[in-house]
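Residues per chain, in single letters:
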Amino acid sequence: MYEPIRAKSVHSTVDGPNPDFPHRSREEELDIQLAGHLAALLAVTDELRATQASTDLDTAAERLAEQVSRLRGGRTPVRAPMSGRSERGTTALHRRAHALAGRALVVAASRADTAAAILAAERMDAHTAALEPRPLASR
């Protein structure tokens, strides 16, 4: 019913792996992916810090910067200067941060990076709490 393939595949190499092409291990790929998610979470955290003063956000930003630096071999992440108000509302920023923390948690778990997984889970909890409606104070 199907005709057999008679030509060699253009997707495989006859000589084996090309030494000129950089190859990374699964661990290195996961490190890069986790560092990217945590760096994005750090950027959103910095945006939130610009809109509201919070020691929790300050501590979180420092811990995120430490983890990104560790995953990038000691290179510190580029941070945007904190300036005035953000164009987005804090609710949208908390939702974005929650999603990024969730992605970081998945990668950290698959990489078995306990420190990053704990930090990501804590940030998810913090952003979930920030999104919950607060009851009005009675007079």
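Our structure is the block above this text.
Residues numbered from 1 in each chain as written. Predicted model: local features only at pLDDT ≥ 70, side-chain atom pairs only at ≥ 80, totals over all residues. Heavy atoms only, no water.

1. Thoughts on the overall build of the protein chain
In terms of helices and strands, the protein chain carries four helices and zero strands. Helices and strands in the protein chain line up, N terminus first, as α-α-α-α. Sequence separation of at least 24 residues holds for 70% of the intrachain contacts in the protein chain that already meet a minimum separation of 6. Only carbon and sulfur atoms are counted for the fraction: they give 55% of the accessible area of the protein chain, which is about 9800 Å². (Helix = DSSP H or I, 4+ residues; strand = E, 2+ residues; numbered from the N terminus. Contact = heavy atoms within 4.5 Å. Areas by Shrake-Rupley, 256 points an atom, 1.4 Å probe, with all protein chains shown as cover.)

2. Considerations on the packing of helix α1 (residues 26-51) against helix α3 (residues 90-111)
When two helices pack together, their arrangement is given by the angle between the helix axes and by the axis-to-axis distance. One can describe the packing of α1 onto α3 by two numbers: an axis separation of 9 Å at closest approach and a directional angle of 160°. It follows from the interaxial angle that α1 and α3 lie roughly antiparallel. Here α1 runs over α3; the crossing is left-handed. Across the contact of α1 with α3, the residue classes break down as 14 nonpolar, six polar and seven charged. (Axes fitted to C-alpha atoms, helices over the stretch in contact; angles between N-to-C directions. Parallel < 35°, antiparallel > 145°, perpendicular 65-115°, else oblique. Left-handed = near helix turned anticlockwise from the far one by under 90°. Nonpolar A, V, L, I, M, F, W, Y, C, P; charged D, E, K, R; others polar.)

3. Side note on unusual backbone geometry
Working note: non-glycine residues mostly have negative phi, and peptide bonds are mostly trans. We note that A112 has phi near 60°; this positive angle belongs to a residue other than glycine. Mapped onto the fold, A112 is located in the loop between α3 and α4 (114-131).

4. Describing the packing of α1 against α4
For the pair α1 and α4, the least separation of the axes is 12 Å and the interaxial angle reads 35°. The element α1 and its partner α4 pack so that their crossing is left-handed. For the pair α1 and α4, contact is made by L34, L38, L41 and L48 and by A116, R123 and H127, respectively. Considering only residue class, the contact of α1 with α4 consists of five nonpolar, one polar and one charged.

5. Comments concerning α3
The terminal C-alpha atoms of α3, which comprises 22 residues, lie 31 Å apart, in line with the 32 Å expected from a rise of 1.5 Å per residue. Of the positions making up α3, those classed as buried are L93, H94, A97, L100, A101, G102, A104, V107, A108 and R111. The inward-facing, buried residues of α3 abut α1, α2 (55-71) and α4. Positive backbone phi, approximately 60°, marks A112, located one or two places after α3. (Expected span 1.5 Å × (residues − 1). Buried < 20%, exposed > 50% of the residue type's maximum accessible area, 1.4 Å probe, protein only.)

6. Concerning α4
Owing to its 3.6 residues per turn, the α-helix brings residues three or four apart onto one side. Compared with the 26 Å implied by 1.5 Å per residue over 18 residues, the 26 Å span of α4 between its first and last C-alpha is a close match. Among the residues making up α4, those that are buried are A116, A117, L119, A120, R123, M124 and H127. Buried residues of α4, seen end-on, are gathered within an arc of 165° and therefore sit on one face of the element. Opposite the packed face of α4, turned more than 90 degrees from it, sit the exposed residues T114 and D125. On its buried face, α4 sits against α1, α2 and α3. (Arc of directions from axis to C-beta.)

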